[in-house]
Amino acid sequence: FGLPKLDSPGYREDLSLGASSLLDIGSYTLSSILNLFPNKEITIINYKKIPKAPKLIDFEGRVELNIDESIDCNLEWAYNRSYRNEIDVWGDKGSLYTEKVFSKESSYKPSIIVKDLKGKKSKIEVEPANHFHLMLESFVESVHKEDKLNYQREQIINLMELIHTLRGSVPKNL
């Protein structure tokens, strides 16, 4: 996930407001892994944050994860780069790719490009959806269904524990 240099970066370049590409756009990539592989063991193989002087804000980061000792994941995020908002999955049975994963216009009609082992492409069209509306629906469902609430709570805790581990601190009261 990458964002170009913004004319008014606001909190993204203000340490007193929590400036951190990990906390901002890196959390989207980490959350996607937790949602793609729920209840799986995640091991951090390598993590690199790149702070930039003079403010020492982590403007970019990379992490290599292993899921259940069998799936390798490489995630990257950065400020002040060309815009990237995509997932590319490459496996031993084929690959898939899609754009505008983390944010999109509600009218955007996504597609998933699937490639078989020999690189033959097929395309899966997905209906447009307003991601803010879907998040609110999920919240309402969580309020009314205890199992959904518990799942959401567990996902949030897992994400925060992963972020805390990457930042080099121990989670407290999670």
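Everything that follows concerns the structure shown earlier in this document.
Residues numbered from 1 in each chain as written. Predicted model: local features only at pLDDT ≥ 70, side-chain atom pairs only at ≥ 80, totals over all residues. Heavy atoms only, no water.

**Describing the sheet that holds strand E6 (residues 111-115)**
Inclusion rule: Strands pair, by our definition, only if DSSP identifies at least two bridges between them. Helix and strand labels come from DSSP, where a helix needs a run of H or I of at least four residues and a strand needs a run of E of at least two; each type is numbered from the N terminus. Where helices are involved, their axes are fitted lines through C-alpha atoms of the stretch in contact, as for all axes, and angles between N-to-C directions lie from 0 to 180°.
What the 4 strands build is an open sheet, ordered E4-E5-E6-E7; its pairing is antiparallel. A strand with exactly one partner marks an edge of an open sheet, and here the two such strands are strand E4 (86-91) and strand E7 (121-125). Strand-to-strand, the axes of this sheet are offset by a mean angle of 15°, without reference to chain direction.

**Focus: the pattern of salt bridges**
Charged atoms that come close allow side chains of opposite charge to pair. Under the convention used in this document: By salt bridge we mean one thing: a side-chain nitrogen of Lys or Arg within 4 Å of a carboxyl oxygen of Asp or Glu. Relative accessibility thresholds used throughout: buried, under 20% of the residue-type maximum; exposed, over 50%; partly exposed, between the two (1.4 Å probe, protein chains only).
Throughout the structure, instances matching the rule amount to 10 salt bridges. The salt bridge involving Arg-12 is made with Asp-24; its shortest N-O contact spans 2.5 Å. Highlighted residues: Arg-12 in the segment before helix H1 (21-36) and Asp-24 in helix H1, separated in sequence by 12 residues. With its nearest N and O atoms 2.7 Å apart, the salt bridge here joins Glu-60 to Arg-81. Here the residue Glu-60 occupies a position in strand E2 (residues 57-67), and Arg-81 occupies one in the loop between strand E3 (71-78) and E4, the gap between them amounting to 21 residues. When its relative accessible area of 7% is taken as the criterion, Glu-60 is described as buried. Via salt bridges that share partners, Glu-60, Arg-62, Glu-76 and Arg-81 belong to a single interconnected network.

By themselves these figures say nothing about function.
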